[in-house]
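Residue-level structure breakdown
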Amino acid sequence: MATEEGNNHAMKMTNLEEEAEACFLKAIEIARRQQAKSLELRATMSLARLWQRQGKSKEARKMLAEIYGWFTEGFDTADLKDAKAMLEELGRN
């Protein structure tokens, strides 16, 4: 019974992660249509965190590097500082 309970929990987490990924991708799509780069960065960072936990660090770094590379100023803002730190962390994995 404990195994069945564990499997159900794993399936729920997988489903929740799939739903979260779909939401983050939708948010990125909307931000791109609206040319809202700051919102795109935030959604991409959320997706990158999820992918990092799933062992997809390479994909996460690539996607985050693309949006981070768009910025030419504002590197002292919290979002861009966080993005830079995440890129460095993803580069070590």
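Quick note: structure is the one above.
Parameters at a glance
- Residues numbered from 1 in each chain as written.
- Predicted model: local features only at pLDDT ≥ 70, side-chain atom pairs only at ≥ 80, totals over all residues.
- Heavy atoms only, no water.
- Phe/Tyr/Trp six-rings, centres within 6.5 Å; stacked < 30°, edge-to-face > 60°.
- Buried < 20%, exposed > 50% of the residue type's maximum accessible area, 1.4 Å probe, protein only.
- Helix = DSSP H or I, 4+ residues; strand = E, 2+ residues; numbered from the N terminus.
- Contact = heavy atoms within 4.5 Å.
- Salt bridge = Lys/Arg side-chain N within 4 Å of Asp/Glu carboxyl O.
- Expected span 1.5 Å × (residues − 1).

Let us look at the packing of aromatic side chains. With the rule as written, the count across this model stands at two aromatic pairs. Plain terms: the ring middles of Trp70 and Phe71 are 5.2 Å apart, the flat faces sit at 90° to each other, and that makes the pair edge-to-face. Residue classification places Trp70 among the partly exposed residues on the basis of a relative accessible area of 48%. Classification of Phe71 as buried rests on a relative accessible area of 11%.

Let us now look at the environment of Arg32. Take Arg32: it is sitting in helix 1 (residues 2-33). What Arg32 contacts, discounting residues up to four positions off in sequence, is Glu40 and Met63.

Working definition: two side chains of opposite charge can pair if their charged atoms are close together. Enumeration according to the criterion identifies six salt bridges in this entry. Between Glu40 and Lys37 there is a salt bridge, and its shortest N-O distance comes to 3.5 Å. With Glu40 and Lys37 both in helix 2 (residues 37-53), this residue pair falls three residues apart, about one helical turn. A relative accessible area of 4% places Glu40 in the buried class.

The end-to-end C-alpha distance of helix 2, which contains 17 residues, comes to 24 Å, matching closely the 24 Å that a straight helix rising 1.5 Å per residue would cover. Along helix 2, the residues that are buried comprise Glu40, Leu41, Ala43, Thr44, Met45, Leu47, Ala48, Leu50, Trp51 and Gln52. Positioned one or two residues after helix 2, Gly55 has a phi angle of 85°, which is positive.

As a further point, take the environment of Leu41. Examined against the element boundaries, Leu41 turns out to sit in helix 2. The class of Leu41 is buried, set by a relative accessible area of 1%. Note: C-alpha distance between Leu41 and Ala65 (24 residues apart in sequence) is 9.9 Å. Discounting chain neighbours no more than four positions away, the residues touching Leu41 are Leu64, Ile67, Phe71, Asp79, Leu80 and Ala83.

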